[in-house]
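Chain residues, written in single-letter form:
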Amino acid sequence: MFAESPNLLIRRREYSYEMLQAIELLSLPNKGGHTLKEIAEICGVNEKTLRRWRAEENFQKEIQRRVLQSVNEMLADVMDATVARAVDGSGKHAELVLKSLGILKDQHNIVATQAEYDPRSNEAIEREIEELKRELAKFDE
């Protein structure tokens, strides 16, 4: 079936027809509704072979590359639908469109301020706190 070791092919990023078929099926959402056993059967290999392929880093990377390619192929349709919802008045969709275009950004400004020097001693501050507590207690009576 294979002239060279399948795992050696994967390490060199060379894929057989069966491997490419498996990559295509594994990159589908929910594996195209197939189990690993079914995918192995479709590709004409046993399940153990498919599991060995999946354990290879380059095989996983190729699946991820194919998933991203599929997402990119649908991106224009997603953006069209998002823009349409924004035009229809959806604030969340308008926000998403503007953020994706880089026009609107989440911005958090944190300004550090230097604490003012308080010449009072800790004891003086504690006495003042106790006095304020007594004053507040009068309102509760």
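Everything numeric here is computed off the predicted structure, so don't read it as measured data.

What counts and how
- Residues numbered from 1 in each chain as written.
- Predicted model: local features only at pLDDT ≥ 70, side-chain atom pairs only at ≥ 80, totals over all residues.
- Heavy atoms only, no water.
- Helix = DSSP H or I, 4+ residues; strand = E, 2+ residues; numbered from the N terminus.
- Buried < 20%, exposed > 50% of the residue type's maximum accessible area, 1.4 Å probe, protein only.
- Contact = heavy atoms within 4.5 Å.
- Areas by Shrake-Rupley, 256 points an atom, 1.4 Å probe, with all protein chains shown as cover.
- Lys, Arg positive; Asp, Glu negative; His and termini not counted.
- Charge placed at Lys NZ, Arg CZ, Asp CG, Glu CD.
- Core = buried A, V, L, I, M, F, W, Y, C linked by side-chain atoms within 4.5 Å.
- Axes fitted to C-alpha atoms, helices over the stretch in contact; angles between N-to-C directions.
- Parallel < 35°, antiparallel > 145°, perpendicular 65-115°, else oblique.
- Nonpolar A, V, L, I, M, F, W, Y, C, P; charged D, E, K, R; others polar.

Peer 1: What is the right way to look at the overall build of the protein in this model?
Peer 2: Scanning the protein for helices and strands turns up seven helices and zero strands. When the helices and strands of the protein are read in sequence order from the N terminus, they spell out α-α-α-α-α-α-α. Here the C-alpha coordinates of the protein stretch approximately 90 × 45 × 35 Å along the principal axes. The buried share among the 141 residues of the protein stands at 22%. Considering only residue pairs separated by 6 or more positions, the protein has 44% of its internal contacts joining residues 24 or more positions apart. With the model as given, the accessible surface of the protein reaches about 11,100 Å², and the carbon-plus-sulfur share is 54%. A distance of 8 Å separates the average location of the 21 positive side-chain charges in the protein from that of its 26 negative side-chain charges.

Peer 1: Which parts of the structure should I look at to understand the nonpolar core?
Peer 2: In globular proteins that are soluble, nonpolar side chains generally tend to be buried together. Formed by 15 residues in total, the largest nonpolar core has its most connected members in Ala22, Leu26, Ile39, Cys43, Leu50, Trp53 and Phe59. Elements with a contribution of two residues or more to this core: helix H2 (17–26), helix H3 (36–43), helix H4 (47–55) and helix H5 (57–87). When residues in this core are grouped by element, the largest group, five residues, is from H2. Excluding residues that lie within four positions of it along the chain, Cys43 makes contacts with Glu18, Gln21, Ala22 and Leu25.

Peer 1: What is the right way to look at the packing of H2 against H4 in this model?
Peer 2: Any two packed helices are characterised by how steeply their axes cross, that is the angle between the axes, and by the distance between the axes. Between H2 and H4, the least distance of the axes is 11 Å, while the angle of their chain directions is 75°. Here H4 runs roughly perpendicular to H2, going by the angle between their axes. Along the contact surface, H2 presents Glu18, Met19, Ala22 and Leu26, while H4 presents Leu50, Trp53 and Arg54. Classifying every residue of the contact of H2 with H4 gives five nonpolar, no polar and two charged.

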